[in-house]
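Below, each chain spelled out in residue letters.
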Amino acid sequence: MPRLFLAFKAALLALFLAVSAPSHAADDVIKTVYHMSEGIPQASRAINNIRNHLAADPKAKIVVVAHGLGIDFLLDGATNQMEQPFAGAIGELAAKGVEFRVCNNTLVSRKIDASKVAMEAKIVPSGVAEVARLQAREGFVYLRP
């Protein structure tokens, strides 16, 4: 009888561990939020970081959240330090699944019309709240280039 009880107890423990342990399959997607708030130089770094990130992990889910000066690269006609437009890089990354989100609080405070924002970008009420929500509720890893 004691052997049967121990076997039952071991089987129950194994079942509990199998059900409660998190699944980490090889094809799990790593979700990352890139936080942009510093302007054009940061955006240039971020574009390169995101390209490298996707080259290393093509399945990565990447969301770029911009507020303050960080939205500048997502405005019509924005160029990098070498006067190259960001529009092509934004389109290329969006085609690979990268999402861009722009803070409405910034648009309002800087008196920028929403029509000036790149068509690939979605406007969210608050950039900092969006970063916090992605981390706390959706399990995104935080990066600040």
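Refer to the structure printed above.
Calculation notes
- Residues numbered from 1 in each chain as written.
- Predicted model: local features only at pLDDT ≥ 70, side-chain atom pairs only at ≥ 80, totals over all residues.
- Heavy atoms only, no water.
- Buried < 20%, exposed > 50% of the residue type's maximum accessible area, 1.4 Å probe, protein only.
- Helix = DSSP H or I, 4+ residues; strand = E, 2+ residues; numbered from the N terminus.
- Right-handed = clockwise from strand over helix to strand, strands pointing away.
- Pairing = 2+ DSSP bridges.
- Contact = heavy atoms within 4.5 Å.
- Axes fitted to C-alpha atoms, helices over the stretch in contact; angles between N-to-C directions.

Student: Sorry if this is basic, but what is going on with the pairing of strand 2 (residues 61-66) here?
Tutor: With respect to burial, strand 2 is a largely interior element, 5 of its 6 residues being buried. One crossover worth recording links strand 1 (residues 31-36) to the parallel strand 2 by way of helix 2 (residues 40-56), and it is right-handed. Pairing analysis gives 4 bridges linking strand 2 to strand 3 (residues 99-103), with the strands arranged parallel. What sits directly across from Val 65, in strand 3, is Arg 101. In terms of handedness, the path from strand 2 via helix 3 (residues 87-95) over to strand 3 forms a crossover that is right-handed.

Student: Would you take a moment to explain the environment of Gln 42 for this structure?
Tutor: Looking at the element boundaries, Gln 42 is found in helix 2. A relative accessible area of 1% places Gln 42 in the buried class. The sequence separation of Gln 42 and Leu 69 amounts to 27 residues, and the corresponding C-alpha distance is 9.7 Å. In contact with Gln 42, not counting residues within four places along its chain, are His 35, Met 36, Ser 37, Arg 144 and Pro 145.

Student: Even after reading the chapter, I still don't get the sheet that holds strand 3, so can you show me in this structure?
Tutor: Strand pairing in a sheet relies on backbone hydrogen bonds, with the paired strands running either antiparallel or parallel. Taken in spatial order, the 5 strands make up an open sheet running 4-3-2-1-5, and their pairing is parallel. Looking at strand neighbours, the two that pair on one side only are strand 4 (121-124) and strand 5 (141-143), the edges of this open sheet. Strand after strand, the sheet turns through a mean of 25° between neighbouring axes, direction not considered. Relative to strand 2, strand 1 runs parallel, the two sharing 6 bridges. From the neighbouring strand, Val 33 faces strand 2, where its bridge partner is Val 63. This element, helix 2, spans strand 1, strand 2 and strand 5 of the sheet and lies at about 170° to strand 1.

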